[in-house]
Amino acid sequence: MHYLELGIRSLIAVVFLASSVGKTAGRGAFGAFVASLRGLELLPAKACRPVALLVVVAEYAVWLLLLLGSTTVAATGFLVAAGLLVMFATAIALTARRGIRPPCRCFGASTTPLGARHIVRNVVLAAVACLGAVTVPATNTSSDPGALVVAILAGLLLGAVVALFDDILELFEPLGDGPGAARRRP
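The model shown is predicted, which means the values in this text are computed figures rather than measured ones.

Asker: Describe the packing of aromatic side chains, listing the residues and the values that go with them.
Answerer: Tallied over the full model, the rule gives 1 aromatic pair. Relative to W63, the ring of Y60 lies with its centre 5.8 Å away and its plane at 50 degrees, an arrangement referred to as tilted. Here the residue Y60 and the residue W63 both occupy positions in helix α3 (residues 45-68), the gap between them amounting to 3 residues, near one helical turn. We classify W63 as buried; its relative accessible area is 14%. Against the face of F33 rests K23, its NZ or CZ located 4.9 Å from the ring centre.

Okay, here's the thing in structure tokens:
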């Protein structure tokens, strides 16, 4: 396997695993995601629940397709991921343009308002997913086991950083500022 593709596969799989599980694990998680779609004010209220279900199913499908290993299946997973990420970035941009900034429910519960950093994150991830799709090897090549482990671990680590990015940034906000300030007060 090509090391770059394997690292990207790990990165995108972790991002979509965290996203799909964050929207469905725990009491009320899916309902909160549906409510967040209503908060975007892009869809009729009746459409929010079915669209939320489609999004979650597609997110689960992405990481499952990437983990199956077949080159054609993985390329499909990358392309579905890229399509979802472009759709998410577009929805956030349309919402932000109208001055609406609901909380980011990208990875489950969050109070961070959607904004430019979420658009940039999704566009960059979409480009990375496209790169993954074009780097899927046509055939398996012999590989160095150590390099494979490094590629996988690097992808997993980057995926975790992406999934926790809002939380990481919140650590550096001054007390009393930002969306998580109320939670941090003693």
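Asker: Could you give an account of helix α4 (residues 71-97), naming the residues involved and the relevant values?
Answerer: Over its 27 residues, α4 extends 39 Å from the first C-alpha to the last, a length consistent with the 39 Å expected when each residue adds 1.5 Å. Immediately beyond the C-terminal end of α4, within one or two residues, lies G99, with a positive phi of roughly 80 degrees.

Asker: Can you explain the environment of A61? Please cite residues and give values.
Answerer: When you line up the elements, A61 lands in helix α3. The exposure class assigned to A61 is partly exposed, which follows from its relative accessible area of 28%. For the pair A61 and A13, spaced 48 residues apart in sequence, the C-alpha to C-alpha distance is 9.8 Å.

Asker: I'd like a description of the nonpolar core, backed by residues and values.
Answerer: Counting 37 residues, the largest nonpolar core has I12, F16, F33, V62, L66, F78 and L125 as the members making the most contacts within it. Where this core is concerned, the elements lending two or more residues are α1 (3-24), α2 (29-40), α3, α4 and α5 (116-135). Counting residues per element, this core draws most heavily on α4, at 9 residues. Not counting chain neighbours up to four residues away, the residues in contact with L125 comprise L11, I12, V15, L85 and V162.

Asker: So, the pattern of salt bridges: which residues are in play, and what are the values?
Answerer: Summed over the entire model, instances satisfying the criterion amount to 3 salt bridges. K23 serves as the salt-bridge partner of E59, at 2.8 Å between the closest nitrogen and oxygen. Of this pair, E59 sits in helix α3 while K23 sits in helix α1, and the two are 36 residues apart along the sequence. For the pair E59 and K23, one class covers both residues: buried. When the shortest N-O distance is used, the salt bridge between E41 and R98 registers 4.0 Å. Note that E41 is positioned in the loop between α2 and α3 and R98 in the loop between α4 and α5, a separation of 57 residues in sequence.

Basis of the calculations
- Residues numbered from 1 in each chain as written.
- Predicted model: local features only at pLDDT ≥ 70, side-chain atom pairs only at ≥ 80, totals over all residues.
- Heavy atoms only, no water.
- Phe/Tyr/Trp six-rings, centres within 6.5 Å; stacked < 30°, edge-to-face > 60°.
- Helix = DSSP H or I, 4+ residues; strand = E, 2+ residues; numbered from the N terminus.
- Buried < 20%, exposed > 50% of the residue type's maximum accessible area, 1.4 Å probe, protein only.
- Lys NZ or Arg CZ within 6 Å of the ring centre and 35° of its normal.
- Expected span 1.5 Å × (residues − 1).
- Core = buried A, V, L, I, M, F, W, Y, C linked by side-chain atoms within 4.5 Å.
- Contact = heavy atoms within 4.5 Å.
- Salt bridge = Lys/Arg side-chain N within 4 Å of Asp/Glu carboxyl O.

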